[in-house]
Amino acid sequence: MRNLMKLMAVLVFTVTTIAATNAQTLKFGHIDLQALVQVMPERATAETEFNTFQGELEEILGEMQKDYQAKLAEFEALGTTASEIKKNAKVAEIQDIQQRIQNYQQTASQQIQQKQAELLQPVFDKAESAIADVAKEQGLIYVFDAGVGNRTILYKSNQSVDVLPLVKAKLGIQ
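Residue positions are counted from 1 within each chain, in the order its sequence is given. Restriction of local features to residues with pLDDT of at least 70 applies here, the model being predicted, together with a cutoff of 80 or more for giving and counting side-chain atom pairs; totals for whole chains, interfaces and linings are based on all residues. Only heavy atoms go into the side-chain values, all of them from the structure, while hydrogens and water stay out.

Peer 1: Sorry, what's going on with the nonpolar core here?
Peer 2: Formed by 17 residues in total, the largest nonpolar core has its most connected members in Ile-31, Leu-33, Leu-36, Val-37, Met-40 and Val-167. The secondary structure listing takes helices from DSSP runs of H or I that are at least 4 residues long and strands from runs of E that are at least 2 residues long, numbered from the N terminus. When contributions to this core are tallied by element, the ones reaching two or more residues are helix 2 (33-39), helix 4 (84-138) and helix 5 (164-171). In terms of residues, this core owes the most to one element, helix 4, which gives seven residues. Here, residues are in contact when the closest pair of their heavy atoms is within 4.5 Å. Discounting residues that sit within four places of it in the chain, Val-37 has contacts with Arg-43, Val-123, Phe-124 and Ala-127. Formed by 14 residues, the second largest nonpolar core is a distinct cluster that contains Phe-53, Met-64, Tyr-104 and Ala-108. Each nonpolar core is a collection of buried residues, namely Ala, Val, Leu, Ile, Met, Phe, Trp, Tyr and Cys, held together in the definition by side-chain atoms within 4.5 Å. Exposure classes here rest on a 1.4 Å probe applied to the protein chains alone. A residue is buried below 20% of its type maximum, exposed above 50%, and partly exposed in between.

Peer 1: So what exactly am I meant to see when it comes to the pattern of salt bridges here?
Peer 2: Side-chain pairs of opposite charge can arise whenever the charged atoms involved come near each other. Salt bridges are defined as contacts in which a side-chain nitrogen from Lys or Arg sits within 4 Å of a carboxyl oxygen from Asp or Glu. Scanning the entire structure with this criterion turns up 10 salt bridges. Here Lys-115 makes a salt bridge to Glu-49, at a shortest N to O gap of 3.8 Å. Separated by 66 residues along the polypeptide, Lys-115 in helix 4 and Glu-49 in helix 3 (residues 41-78) bring together distant segments of the chain. Accessibility expressed as a relative area gives 17% for Lys-115, which makes it buried. For Asp-96, the salt bridge goes to Arg-100, with nearest N and O atoms at 3.2 Å. You can see Asp-96 and its partner Arg-100 sitting in helix 4, four residues apart, about one turn around the helix. Each of Lys-71, Glu-74, Lys-90 and Glu-93 takes part in a single network of salt bridges with overlapping partners.

Peer 1: I keep staring at the sheet that holds strand 1 (residues 28-31) and nothing clicks. Help me out?
Peer 2: Sheets are built from strands that pair by backbone hydrogen bonding, the pairs being arranged parallel or antiparallel. Only when DSSP finds a minimum of two bridges between them are two strands counted as paired. Spatially, the three strands line up as an open sheet ordered 2-1-3, and their pairing is parallel. Of all the strands in the sheet, the pair left with one neighbour each is strand 2 (142-145) and strand 3 (161-162).

Peer 1: Where do I start with the confidence of the model for the chain in this structure?
Peer 2: Do not read the predicted coordinates in detail wherever pLDDT is low. Here pLDDT means the predictor's own confidence in every residue, given as a number from 0 to 100. Here the chain averages 84 in pLDDT, and 80% of its residues register 70 or above. Per-residue pLDDT, averaged within each element of the chain, yields its smallest value for helix 1 (residues 2-24) (55) and its largest for helix 3 (94).

Peer 1: Is there a simple way to explain the packing of helix 3 against helix 4 in this structure?
Peer 2: The description of two packed helices rests on the angle between their axes and on the distance between the axes. Two elements in contact, helix 3 and helix 4, have axes whose closest approach is 10 Å; the angle formed by their N-to-C orientations is 175°. When the axis of helix 3 is compared with that of helix 4, the two are roughly antiparallel. By residue class, the composition of the contact of helix 3 with helix 4 is 21 nonpolar, six polar and 13 charged. The angle between two axes is taken between their N-to-C directions and runs from 0 to 180 degrees, where each axis is a line fitted to C-alpha atoms and a helix contributes only its stretch in contact. Each angle gets one of four labels, with under 35 degrees taken as roughly parallel, over 145 as roughly antiparallel, 65 to 115 as roughly perpendicular, and the rest as oblique. All amino acids are sorted into three groups, where Ala, Val, Leu, Ile, Met, Phe, Trp, Tyr, Cys and Pro are nonpolar, Asp, Glu, Lys and Arg are charged, and the leftover types, Gly among them, are polar.

Peer 1: I tried to follow helix 3 on my own but got confused; where do I start?
Peer 2: Since the α-helix packs 3.6 residues into each turn, any two residues three or four apart lie on the same face. Expected helix span is given by 1.5 Å per residue-to-residue step, counting one fewer step than there are residues. Counted at 1.5 Å a residue, the expected span for helix 3 with its 38 residues is 56 Å, and the 56 Å between its end C-alpha atoms agrees. By the burial criterion, the buried members of helix 3 are Arg-43, Ala-46, Phe-50, Phe-53, Leu-57, Leu-61, Met-64, Tyr-68 and Leu-78. Turning to helix 3, the residues buried within the fold contact helix 2 and helix 4. Downstream of helix 3 by a residue or two, Gly-79 has a phi angle that is positive, lying close to 65°.

Peer 1: Help me understand the packing of helix 4 against helix 5, please; the structure alone is not making it clear to me.
Peer 2: Viewed as axis vectors pointing N to C, helix 4 and helix 5 meet at an angle of 115°, and their least axial separation amounts to 9 Å. Between helix 4 and helix 5, the interaxial angle falls into the category roughly perpendicular. Crossing of helix 4 over helix 5 shows right-handed handedness. Counted together, Lys-126, Ala-127, Ala-130, Ile-131, Asp-133, Val-134, Glu-137 and Gln-138 of helix 4 and Leu-166, Val-167, Lys-170 and Leu-171 of helix 5 form the full contact between these two elements. For the contact of helix 4 with helix 5, the residue count by class is seven nonpolar, one polar and four charged. Crossings are classed by handedness, with left-handed meaning an anticlockwise turn of the near helix from the far one by less than a right angle and right-handed meaning a clockwise turn.

Peer 1: Got a minute to help me understand the environment of Ile-131 in this structure?
Peer 2: With respect to the element layout, Ile-131 can be found in helix 4. For Ile-131, a relative accessible area of 11% corresponds to the buried category. Along the primary structure Ile-131 and Val-163 are separated by 32 residues, whereas in three dimensions their C-alpha atoms are 7.5 Å apart. Ignoring any residue separated from it by four or fewer positions in sequence, one finds Ile-131 in contact with Ile-31, Leu-33, Leu-36, Val-143 and Val-167.

And the structure:
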């Protein structure tokens with residue numbers, strides 16, 4: 001019975017010591033992911049490519065709107081002397097152009113979102129990979145995004161490691 005009590009006391013002491021040691025070594029980090037992405041050279045390249053793509057889409061839309069304005073001017077130029085058949089034909093042309101413009105705007109909006117995601121995904125992947133590498137090197141068990149507008153962190157202790165400078169160094173960014 002005494003041996004059992006000693007064994008139990010040693011077991012409790014050991015478990016408590018291990019738990020206390022593990023609790024003291026937990027390390028957390030934080031980073032402003034958007035701030036990191038903003039300084040990455042790959043983002044600037046992606047932004048340039050995106051702006052070019054968006055400009056091409058806007059150019060096509062501008063041509064469609066010029067065509068619409070021209071058809072509208074033709075309709076207004078008909079005046080009161082034109083027959084109903086001619087007026088109805090011009091109205092139908094104008095409505096067709098309006099419908100094409102609306103369809104194009106919807107399609108272009110979807111294409112813009114897809115292109116932006118396509119171009120930025122590799123940038124975020126690289127950033128997240130570097131964050132994971134730094135977290136492993138620093139022995140962090142979690143890294144939270146503490147960027148502006150990110151409400152996942154309600155409190156940040158001074159003991160939390162800001163990994164932004166470390167990740168920037170990992171990526172070779174000044």
